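This is what each chain is made of:
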Amino acid sequence: MAVAGFGRNGAGGGGGGPKPARTRLQQLFYWAAVLGVWGLIFLVVFFAVFARGLPDTSSLYEVDRQPSITYLDRNGALIATRGTQQAPPADLDSLPDYVPAAFIAIEDRRFYHHPGFDPVGMARAMAANMRAGRVVQGGSTLTQQLAKNLFLTPDQNMRRKVQELMLAVWLELKFTKKEILALYLNRVYFGAGAYGIEAASQRYFDKPAKNLSVGEAALLAGLLKAPSRYSPVSESERAATRATVVLNEMEDAGVITPAQRAAAVLEPVRVSRTLATQHAQYFIDWLDKSIRGLVGEPTEDLVVETTLDLTLQTAAERSVRRILDRDESKGVEQAALVAMDGDGRVRAMIGGASYADSQFNRAVDARRQAGSSWKPFVYLTAVEAGYTPNTPVVDEPIRIGNWSPRNYSGTFSGPMTLAQAVAQSTNTIAAGVADQVGRDSVARTARRLGITSRVGLEPAMALGAVEVAPVEMAQAYAAFANGGRRAEAYGISRIRTPQGRVIYQRGPREGQAQQVINNPPLIYMNQMLRGVITSGSGRGAAIAGRDLAGKTGTTSDYKDAWFVGYTGGFVAAVWVGKDDNTAMRGVTGSSSPVAIWRGFMEAALPRLAVERIPDGPPMPEGWSPPDPVGDMLGQVEDPFGGSPSEPVDPEQGTAYNTLPAKPEPTPSEPVVRPNTPQPEQKPEADQPAERRRDPLFF
């Protein structure tokens, strides 16, 4: 019974039979609901985790940037702008249609059709990257790029990408497409310190964004992929290729017609001449270090009015580039040039062969052995101790302790005058004179004139075994050029705000400069250093009709070569060599440096209203100075005449003929200078900005 009863209860009790099976449609809905619930839970947890640390979006309209510093040359022309540059936001409606369309065509073709992220674009980029085996294409939308630029760091990780996507969706929900595009164009970085389309247009093309051409718009749109890599300043060919890609995309998207594309390709895009030439970047770096010392840490935009003359700077750059290219086969790799007036205002500065390749400023920060360009400090000490240009000296073997200097020629010329020793750059006489007057006295003389580097007192110091920077040599020689006054190189005249509020003004220094060379030593030195150019190792620097003086310098094994030359109130120091301090091939101060100096001065002197080299302070009563040029020329043949053989530079190994000594002038027998007519010239005045528009391209 029990068994029978069990059977009956199972057949008819409770459930009324088995439950009907779910249909496939019901199963689909069921599992979809289950997955949806778990998916929702996952997404909530996922976004809750990644949402932690999201930036505060209230800073959307705030612009956090470093103050910009604008540098002007002495005539008010723009040299450079350092720091970030932000212009007023551009009105999207004022821009030509092809300007925003260029950015959409190259950055986000589906901009108007996605909710902030583009699954199609992501899939396409992923496939392209897998085929290439590396990242060759990005899938970020324009909205995602804006989110990254506004709120996030450039770190490449999963957390940042998820946050970027979340913020992109938020932007799409909060703003219209037009507003997002306007935010993007006004906040994205275009390189060269320019943020936003308006600042970029001004920086690269010197025009407002509303006047951009099709080609210019394509170039700016192409920059965004990598502003430094596609910079039209340093990578012009790469930038042009990238702009062509943008033009192709614009045509393919129907933004421009084939005719417009063809016209854009044919019309050259001209980058701002000031930015394109990158004038005086070494000079700007030099000033950058001192601005904070003058005005503290900038908290607002500044305008720095400098002493530089862009036209002279261009002449210097041309001359340096020409000779570096010419003498590359001789191992000449680097050069530095500093040109300044007699009051210390730096008019031109070259710190190396290429600022793009190396930002190390060899004009200021490199210290190299001066060679024979150091000897004027030896001979100035000597004439202050009683020597004169006609003091008899003897070129013969000499030993100072365990050291025996030798001449480049390897020979000795015997008796000569001090002036001839200077012109011929005779090593034995310079070493002997320094030993007699005292090397400590020579060091004090160099410091008095403006040498700030350490000066050792070993015997070889007399021949220039002293490491100095070109800017030091320029300011030290300036005392010979300006009447014996000490000059300190400087480059800042005034610092002000863009609104005109003056923060720093260099005070007047005229009449306050220390007299560091008196007479007759000053006239003696100028007479002898003129002889270097009229009859000595610097003959290649001679320029017809100009009163010039200077000194060449070459170190052992041809590692360094110098020429420092000057005229009335203007001096330029030139150095060439290699950064690794290895030898060049036979390069002396009378070759590459003289060629650079002369090329620069031939272009610079017509722009400068210079006088003859000034005699300096009054002479002792009854004393008359010798004729600085006529006396020297009266002792030698015409250096440019038809002599059978051209004299060889003594620094290259062959001695010049010994010149006959002239009787030494005395107060009782003054030498009368011939009345040589001089052209009517006036020194360059420190005048208001000239606002010239000289061509700056080269």
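Owing to the predicted nature of the structure, the values given are computational and were not obtained by experimental measurement. (Residues numbered from 1 in each chain as written. Predicted model: local features only at pLDDT ≥ 70, side-chain atom pairs only at ≥ 80, totals over all residues. Heavy atoms only, no water.)

As for the overall build of the protein
Put simply, the test is: Secondary structure follows DSSP: runs of H or I at least 4 residues long count as helices, runs of E at least 2 residues long count as strands, and numbering of each begins at the N terminus. Buried means the residue's accessible area, taken with a 1.4 Å probe over protein chains only, is under 20% of the maximum for its type, while exposed means over 50%, and partly exposed covers the values in between. Residues are treated as being in contact if the distance between any of their heavy atoms lies within 4.5 Å. Only the protein chains shown count as cover for residues, and the accessible areas themselves come from Shrake-Rupley with a 1.4 Å probe.
The helix and strand tally for the protein stands at 22 helices and 16 strands. Per-residue burial over the protein gives 51% buried out of 698 residues. A separation of at least 24 residues holds for 73% of the contacts in the protein among residues at least 6 apart in sequence. A total of about 33100 Å² of accessible surface is found on the protein, and carbon and sulfur atoms cover 54% of it.

Observations concerning the packing of aromatic side chains
We describe a pair of aromatic rings using the distance from one ring centre to the other and the angle between the two ring planes. Which entries qualify depends on this criterion: Centre distance within 6.5 Å is the pairing criterion for rings of Phe, Tyr and Trp, where only the six-membered ring of Trp is used; planes under 30 degrees apart are then read as stacked, over 60 as edge-to-face, and the remainder as tilted. Two conditions define a charge located above a ring, namely a distance within 6 Å from the ring centre to NZ of Lys or CZ of Arg, and an angle within 35 degrees of the ring normal.
Inspection of the entire model under this criterion finds 14 aromatic pairs. With a centroid separation of 4.6 Å and 40° between ring planes, the pair formed by Tyr-189 and Tyr-195 is classed as tilted. Its relative accessible area of 33% is what places Tyr-189 among the partly exposed residues. Classification of Tyr-195 by relative accessible area gives partly exposed; the value is 28%. Aromatic side chains Tyr-204 and Phe-205 sit 6.4 Å apart centroid to centroid with 50° between the ring planes, which places their arrangement in the tilted category. Grouping aromatic residues by their ring pairs yields a cluster made of Trp-374, Phe-377, Tyr-477, Phe-480 and Tyr-566. Sitting above the plane of the Phe-111 ring, Lys-177 keeps its charged end 4.6 Å from the centroid. Taking NZ or CZ as reference, Arg-242 lies 5.7 Å from the ring centre of Tyr-230, over its face.

Here's the deal with the packing of helix 15 (residues 375-384) against helix 17 (residues 427-437)
Rule in force here: Here the axes come from fitting lines to C-alpha atoms, over the contacting stretch only for helices, and the angles between their N-to-C directions go from 0 to 180 degrees. Put simply, angles under 35 degrees are roughly parallel, angles over 145 are roughly antiparallel, angles from 65 to 115 are roughly perpendicular, and the rest are oblique. Handedness of a crossing is defined here by the sense of rotation of the near helix relative to the far one, left-handed for an anticlockwise turn of less than a right angle and right-handed for a clockwise turn. Basically, the charged four are Asp, Glu, Lys and Arg, the nonpolar ten are Ala, Val, Leu, Ile, Met, Phe, Trp, Tyr, Cys and Pro, and anything else, Gly included, counts as polar.
Two numbers describe how helix 15 lies on helix 17: the axes approach to 9 Å, and their chain directions differ by 50°. Taken as axis vectors, helix 15 and helix 17 run oblique relative to one another. Judged by the twist between their axes, the crossing of helix 15 over helix 17 is left-handed. Between helix 15 and helix 17, the residues in contact are Lys-375, Val-378, Tyr-379, Thr-381 and Ala-382 and Asn-427, Ile-429, Ala-430, Val-433, Ala-434 and Val-437, respectively. Partitioned by chemical class, the residues of the contact of helix 15 with helix 17 number eight nonpolar, two polar and one charged.

Thoughts on the sheet that holds strand 1 (residues 69-72)
To be explicit about the condition: Here, a strand pair is defined by DSSP locating no fewer than two bridges between the strands.
Taken in spatial order, the five strands make up an open sheet running 2-1-5-12-13, and their pairing is mixed. The two strands at the open ends of the sheet, each matched to only one other strand, are strand 2 (78-82) and strand 13 (502-505). With direction set aside, neighbouring strand axes in the sheet form an average angle of 15°. Judged from the four bridges that link them, strand 1 and strand 2 form a sheet pairing that is antiparallel. Residue pairing in the sheet places Leu-72 in a bridge with Leu-78 of strand 2. Those strands touched by helix 13 (residues 281-295) are strand 1, strand 2, strand 5 (302-306), strand 12 (492-496) and strand 13, and its axis lies near 60° from that of strand 2.

Comments concerning the confidence of the model for the protein
What counts is decided by this rule: Per residue, pLDDT measures the predictor's confidence, with a range of 0 to 100.
Mean pLDDT for the protein: 80, with 77% of residues reaching 70 or above. Element-level mean pLDDT values for the protein span from 42 in helix 1 (residues 2-12) up to 98 in strand 16 (residues 570-577). Confidence drops under a pLDDT of 50 for residues 1-14, and excluding neighbours within four residues, the segment shows two contacts in the predicted structure. Here residues 628-698 is modelled with pLDDT under 50, and outside its nearest four sequence neighbours on either side it reaches 139 contacts, counting other chains as well.

Considering the sheet that holds strand 15 (residues 560-567)
Each strand in a sheet pairs with another by means of backbone hydrogen bonds, the pair being arranged parallel or else antiparallel. In spatial order, the strands read 7-6-16-15-14; together these five strands make up an open sheet with antiparallel pairing. Strands at the two margins of the open sheet, each flanked by one partner only, are strand 7 (346-350) and strand 14 (549-554). Direction aside, neighbouring strands of the sheet carry axes that sit 5° apart on average. As paired strands, strand 14 and strand 15 are joined by six bridges and run antiparallel to one another. Bridge pairing in strand 15 links Lys-551 to Val-564. Packed on one face of the sheet, helix 14 (residues 310-326) meets strand 6 (334-341), strand 7 and strand 16 and runs near 30° to strand 7.

A few points about the nonpolar core
Formally: Nonpolar core, defined: a set of buried Ala, Val, Leu, Ile, Met, Phe, Trp, Tyr and Cys residues in which side-chain atoms within 4.5 Å join the residues together.
Of all hydrophobic cores here, the largest spans 86 residues; its most connected members are Trp-374, Phe-377, Tyr-379, Met-473 and Phe-480. Per element, the largest residue contribution to this core is nine residues, and it comes from helix 19 (residues 470-481). Aside from chain neighbours lying at most four places away, what touches Met-473 is Ala-370, Ser-373, Trp-374, Phe-377, Ile-451, Val-468, Trp-562, Val-564 and Ala-573. Core analysis: the next-biggest nonpolar cluster, separate from the first, contains 50 residues, Ala-105, Phe-111, Leu-150 and Ile-256 among them.

Comments concerning the pairing of strand 12
Bridge analysis of strand 5 against strand 12 gives four bridges, and the strand direction is antiparallel. Each residue of the ladder has a partner; that of Val-303, found in strand 12, is Arg-496. As paired elements, strand 12 and strand 13 share three bridges and run antiparallel to each other. What sits directly across from Ile-495, in strand 13, is Tyr-504. Counted along the chain from strand 12 to the antiparallel partner strand 13, the turn is five residues long, and its residue Gly-500 has a positive phi close to 105°.

Considering a nonpolar patch on the surface
Here is the rule we go by: In this scheme, patches are assembled from residues that exceed 30% relative accessible area and form no salt bridge. Like charges are connected within 9 Å, while nonpolar side chains (Val, Leu, Ile, Met, Phe, Trp, Tyr) are connected within 5 Å. The term salt bridge refers to a pairing of a side-chain nitrogen on Lys or Arg with a carboxyl oxygen on Asp or Glu at a separation within 4 Å.
A cluster of nonpolar residues, Leu-25, Leu-28 and Phe-29, forms a patch on the protein surface that exposes about 360 Å² of accessible area. Within the secondary structure, Leu-28 is located in helix 2 (residues 24-51). Note on Leu-28: relative accessible area 57%, which makes it exposed.

Concerning the side chain of Ser-453
Within the secondary structure, Ser-453 sits in the loop between helix 18 (439-449) and strand 11 (467-468). Accessibility expressed as a relative area gives 5% for Ser-453, which makes it buried. What Ser-453 contacts, discounting residues up to four positions off in sequence, is Arg-367, Arg-447, Glu-467, Val-468, Ala-469 and Glu-472.

Description of the pattern of salt bridges
Here the structure, examined in full by the defined rule, presents 25 salt bridges. One salt bridge connects Arg-496 with Glu-305, and the closest N-O pair in it is separated by 2.8 Å. With Arg-496 in strand 12 and Glu-305 in strand 5, the pair connects residues that are 191 residues apart, well separated along the chain. Of the two residues, Arg-496 and Glu-305, both sit in the buried class. Between Arg-448 and Glu-384 there is a salt bridge, with its nearest N and O atoms 2.6 Å apart.

Some words on the packing of helix 9 (residues 214-223) against helix 10 (residues 236-252)
Direction vectors running N to C along helix 9 and helix 10 enclose 110°, while the axes themselves pass 8 Å from each other. For the element pair helix 9 / helix 10, the angle class is roughly perpendicular. Where helix 9 abuts helix 10, its residues Val-214, Ala-218, Leu-219, Ala-221 and Gly-222 lie against Arg-242, Ala-243, Val-246, Leu-247 and Met-250. Its residues assigned to classes, the contact of helix 9 with helix 10 comprises eight nonpolar, one polar and one charged.

Section: the environment of His-113
Here His-113 shows up in the loop between helix 3 (98-107) and helix 4 (119-132). Residue His-113 is classed as exposed on the basis of its relative accessible area of 64%. On a C-alpha basis, the gap between His-113 and Lys-177 in space is 9.8 Å, while along the polypeptide they are 64 residues apart.

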